[in-house]
Amino acid sequence: MNRRRLLIATGVAAALSFSFAASAKFAGIGDNDVKFLAIGPAGMKINGKGDKLKASEANGKIKISVPIDSLETGIGLRDKHLKRDLHAADHPDAILEVERSKLKEPEDKKTSSGSAKGKFTLNGKTKEISFRYKAKRTGSDYHVQGRATVDIRDYDIEVPCYLGVCVKPEVKIAVKFKLRDK
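We now turn to the structure provided with this report. Within each chain, residue numbers correspond to sequence positions counted from 1 in written order. In keeping with the predicted nature of the model, local features appear solely for residues at pLDDT of at least 70, side-chain atom pairs appear and are counted solely at 80 or more, and the whole-chain, interface and lining totals rest on all residues. Water and hydrogen atoms were dropped before computing side-chain values, which therefore reflect all heavy atoms in the structure.

Looking at the packing of aromatic side chains
Any two of the Phe, Tyr and Trp rings considered here, Trp counted by its six-membered ring, make a pair once their centres fall within 6.5 Å; the pair's planes then place it as stacked at under 30 degrees, edge-to-face at over 60, or tilted in between. Under the defined criterion, the tally for this structure stands at two aromatic pairs. With a centroid separation of 5.4 Å and 85° between ring planes, the pair formed by F120 and Y155 is classed as edge-to-face. Residue F120 is found in strand β6 (residues 111-122), and its partner Y155 is found in the loop between β8 (141-151) and β9 (161-162); the two are separated by 35 residues along the sequence. Considered together, F120 and Y155 belong to a single accessibility category, that of buried residues. With centroids separated by 6.2 Å and ring planes inclined at 50°, the aromatic side chains of F131 and Y133 adopt a geometry described as tilted. For every residue, the accessible area (1.4 Å probe, protein chains only) is compared with the maximum for its type, and the residue is labelled buried under 20%, exposed over 50%, or partly exposed between those bounds. Under the relative-accessibility criterion, Y133 is labelled buried at 4%. In DSSP terms, a helix is any run of H or I states spanning at least four residues, a strand is any run of E spanning at least two, and both are numbered starting from the N terminus.

Some remarks on unusual backbone geometry
Look at N59: it is not a glycine, yet its phi comes out positive at around 55°. For N59, the position within the fold is in the loop between β3 (54-58) and β4 (61-67). Unlike most non-glycine residues, D156 shows phi in positive territory, near 55°. Position of D156 relative to the elements: it lies in the loop between β8 and β9. For D156, a relative accessible area of 52% corresponds to the exposed category.

Notes on helix α2 (residues 76-85)
Within the span of α2, buried status applies to R78, D79, H81 and L82. Within α2, the buried residues cover an arc of 165° as seen down the axis, which keeps them to one side. Residues of α2 that are exposed and angled more than 90 degrees away from the buried face: G76 and K80. Note that the arc is computed from the directions linking the helix axis to the C-beta atoms.

As for the pattern of salt bridges
Here a salt bridge means any side-chain nitrogen of Lys or Arg lying within 4 Å of a carboxyl oxygen belonging to Asp or Glu. For the structure shown, the criterion picks out ten salt bridges. K117 is the partner of E128 in a salt bridge, and the nearest nitrogen-oxygen pair spans 3.9 Å. Remark: K117 occurs in strand β6 and E128 occurs in strand β7 (residues 125-138); sequence separation between them is eleven residues. By relative accessible area, E128 is classed as exposed at 51%. A salt bridge links D151 to R153; the nearest nitrogen and oxygen atoms lie 2.6 Å apart.

Let's talk about the side chain of S70
Counting through the fold element by element, S70 comes out in the loop between β4 and α2. Its relative accessible area of 13% is what places S70 among the buried residues. We define a polar contact as two N or O atoms separated by no more than 3.5 Å, with the added condition that, inside protein, one atom must be a possible hydrogen donor and the other a possible acceptor, whereas residues neighbouring each other in sequence contribute only through side-chain atom pairs. Polar contacts involving the side chain of S70 include one to the main-chain carbonyl oxygen of P67, which spans 2.7 Å. Residues count as neighbours in contact if any of their non-hydrogen atoms are within 4.5 Å of one another. If sequence neighbours within four positions are ignored, S70 has contacts with K49, G50 and K52.

Quick word on the pairing of β6
Only one face of β6 is buried: it carries S112, G114, A116, G118, F120 and L122, and the other face, with T111, S113, S115, K117, K119 and T121, is open. Strand pairing is defined by DSSP finding a minimum of two bridges between the two strands. With three bridges connecting them, strand β5 (residues 93-99) and β6 associate as antiparallel partners. When the bridges of β6 are listed, I95 appears paired with T121. Sheet topology places β6 next to β7; twelve bridges connect them, and they run antiparallel. The partner of T121 across the bridge, within β7, is T126. With antiparallel pairing between neighbouring strands as the criterion, β6 and β7 make up a hairpin whose turn holds two residues, including N123 at a positive phi of roughly 55°.

Structure representation (structure tokens):
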């Protein structure tokens, strides 16, 4: 059960670790998806997802947030333990903030990609995180995808184990969302 909670938390963190830049302020317009994957021994995989990601821009920073309560692994009890272990009542969101100036803006009908760093907050702890992103521009809309790997130990989250079988502390996160240039 701890293993699955960890994966969900990591998924949220990953979801927050991707953003994009533009010349005007961005507003999130939907098409949100967060996925995370924790891997254990003998081919064990724990997959999680969520669709409540929010994106916005203020003071030159892109802010991505994911409510912890919105993450699911497909098993209700595991989800309940995840939210408890992440202290969702005290730290309800996973948040990534990225300086807009650090991101590459594609021209209309073009795609850009790159890597960047941002401040990621999970379980009340904030650390710098590196991520890769790809953005495609269609008029004033930006279709963004991002990937990161988060070590949950950096956020004071215990590595989940069950009957002596533990997942790896590194959780893979993938997100997608749309932004509109206001």
